[in-house]
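# Close look at the chain arrangement
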Amino acid sequence: MEYHLALIGYPIKHSLSPWIHNTFLNKAGLRGSYELYEFDQLRSFEENVKLLKNKKYDGFNVTVPYKQEIIPYLDEIDPIADKMGAVNTVVNKHGRWVGYNTDGVGYVRSLEAAYPTALSVENCQILLLGAGGAARGIYFALRERGFSRVDIANRTQTSAAAILDLQGEWGDCTVLSIQEAEKALKDYDIVIQTTSVGMRPNSKDSIIQVAHVKEKGIFSDIIYQPLKTNFLSQAEAEGAPIHFGHTMLLYQAQYAFEKWTGERVPLDNMEEELKLILEGR
Ligand code: ATR
């Protein structure tokens, strides 16, 4: 079959998804295309969705600002995406739209690709910095994998508590202030930065000062512009292993592609290629 795939959102002209998914199609030896389908801002969301239906895509990604808005138009939603309240991947199953969210699993895959034993540390203690949409996906994916201690630090602590509540039970997880987290880095095997602090053009910023870290504790940032954030530079200076955000972009796409085609395409040198693309921007 030939796969007709797309990205919906606004604005999406600079999206890297067409490059990623057209590369996947090539690598998998599948015929098809992945295109940008920018929603017309002069039409209502509902009208845009009607036009989208007519395109009969086999699958599409959903990005900002529509990850929540698309949900009432789905025929079915995966339980994790439902809990997250956000969908980034839709599969057209014989005319029925089924929604998923591939961010959390994508993140976990990217971490394990870089550090295969990262999550097999006994009694692994994980800290998430931030409590937005991205943190939510990562939190659920980690809890799904059986980790009972995934603490969340956020400027607005009620948002962090809301994520723990959504999971149903808190396990051993706690909510921290950013200041508390900064002082407790020694307790954690993995620290994951999910806030927008440090994103270009504010590349000098960091949500915390990184010092007194746990030996072999991994520091991860989901920001990919710049590739190496101030947060990661500080962690590296402390001698910590670091994990880059652009890899999550590739693995969440890999998982979405798998949902559409059943093929798990190996990334090979795409990480390096994406790095070059991002550095050239
Ligand atoms: P995303 O969906 O990409 O995760 P988001 O939902 O806008 O983005 O979440 C942004 C995260 O960055 C939140 O955790 C936010 O903290 P609040 O919940 O307190 O708003 C955090 N964030 C953004 N700017 C921040 C700042 N200047 N200081 C501290 N945290 C900040």
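Scroll up to find the structure this text is about.
Residues numbered from 1 in each chain as written. Predicted model: local features only at pLDDT ≥ 70, side-chain atom pairs only at ≥ 80, totals over all residues. Heavy atoms only, no water.

Gaps left between atoms are located by rolling a probe of water-molecule size over the structure's atoms. Put simply, the largest pocket is a space of about 1,300 Å³. Sorting the residues of the lining of the largest pocket by element identifies α1 (17-28), β3 (59-62), α5 (133-144) and α9 (246-261) as the ones contributing at least two each. Of the residues forming the lining of the largest pocket, the biggest block, five residues, is contributed by α9. (1 Å grid on protein atoms, 1.4 Å probe; cavity = no way out; pocket = protein on both sides within 12 Å on 5 of 7 lines; lining within 4 Å. Points joined across faces, edges and corners; volume = space filled by probe spheres on them. Helix = DSSP H or I, 4+ residues; strand = E, 2+ residues; numbered from the N terminus.)

Moving on to the packing of aromatic side chains. In total, this model carries 11 aromatic pairs according to the counting rule given. Judged by centre distance (6.0 Å) and plane angle (85 degrees), the ring pair of Tyr37 and Phe39 falls under edge-to-face. Both residues of the pair, Tyr37 and Phe39, belong to the buried class. For the pair Phe219 and Phe231, a centre-to-centre distance of 5.8 Å together with 50 degrees between the ring planes defines the contact as tilted. Of this pair, Phe219 sits in strand β11 (residues 218-221) while Phe231 sits in helix α8 (residues 230-237), and the two are 12 residues apart along the sequence. Take Phe219: its relative accessible area is 1%, and that puts it in the buried class. Taken together, the aromatic side chains of Tyr37, Phe39, Phe45, Tyr57, Tyr66 and Tyr73 make up a single cluster linked through ring pairs. The ring centre of Trp97 lies 4.0 Å from the NZ or CZ of Lys53, which sits over that ring. The positively charged end of Lys275 is found above the aromatic ring belonging to Phe244, 5.3 Å away from the centroid. (Phe/Tyr/Trp six-rings, centres within 6.5 Å; stacked < 30°, edge-to-face > 60°. Buried < 20%, exposed > 50% of the residue type's maximum accessible area, 1.4 Å probe, protein only. Lys NZ or Arg CZ within 6 Å of the ring centre and 35° of its normal.)

Taken together, Gly130, Ala131, Gly132, Gly133, Ala134, Asn154, Arg155, Thr156, Thr195, Ser196, Val197 and Ile207 make up the full set of residues near the ligand. A distance of 3.1 Å is found between an oxygen atom of the ligand and a backbone nitrogen or oxygen belonging to Gly133. Here an oxygen atom of the ligand sits 2.7 Å away from a polar atom, N or O, in the side chain of Asn154. Calculation on the ligand without its partners gives an accessible area of 650 Å², and the protein chains cover 59% of this total. Partitioning the shell around the ligand into residue classes produces four nonpolar, seven polar and one charged. (Near = heavy atom within 4 Å. Polar contact = N/O pair within 3.5 Å; in protein donor to acceptor, adjacent residues only side chain to side chain. Areas by Shrake-Rupley, 256 points an atom, 1.4 Å probe, with all protein chains shown as cover. Nonpolar A, V, L, I, M, F, W, Y, C, P; charged D, E, K, R; others polar.)

Sheet architecture is open: six strands sit in the order β2-β1-β3-β5-β6-β4, paired in mixed fashion. Strand pairing shows two members of the sheet lacking a second neighbour, β2 (31-38) and β4 (76-77), which therefore form its edges. Alignment of strand β5 (residues 89-93) against strand β6 (residues 96-100), held across five bridges, turns out to be antiparallel. Across the sheet, residue Val91 finds its bridge partner in β6, namely Val98. Seen against the sheet, α1 touches β1 (2-9), β2 and β3 and runs at an angle of roughly 170 degrees to β2. Along the sheet, α9 contacts β1, β2, β3, β5 and β6; its crossing angle with β5, the most-contacted strand, is approximately 10 degrees. (Pairing = 2+ DSSP bridges. Contact = heavy atoms within 4.5 Å. Axes fitted to C-alpha atoms, helices over the stretch in contact; angles between N-to-C directions.)

By the burial criterion, the buried members of helix α6 (residues 157-167) are Ala160, Ala161, Ile163, Leu164 and Gln167. Mapping the buried residues of α6 onto a view down its axis gives an arc of 150 degrees, with all of them on the same face. Where α6 is buried, its residues touch α3 (79-84), α5, β8 (150-153) and β9 (175-176). Two residues or fewer after α6 comes Gly168, characterised by a positive phi angle close to 105 degrees. (Arc of directions from axis to C-beta.)

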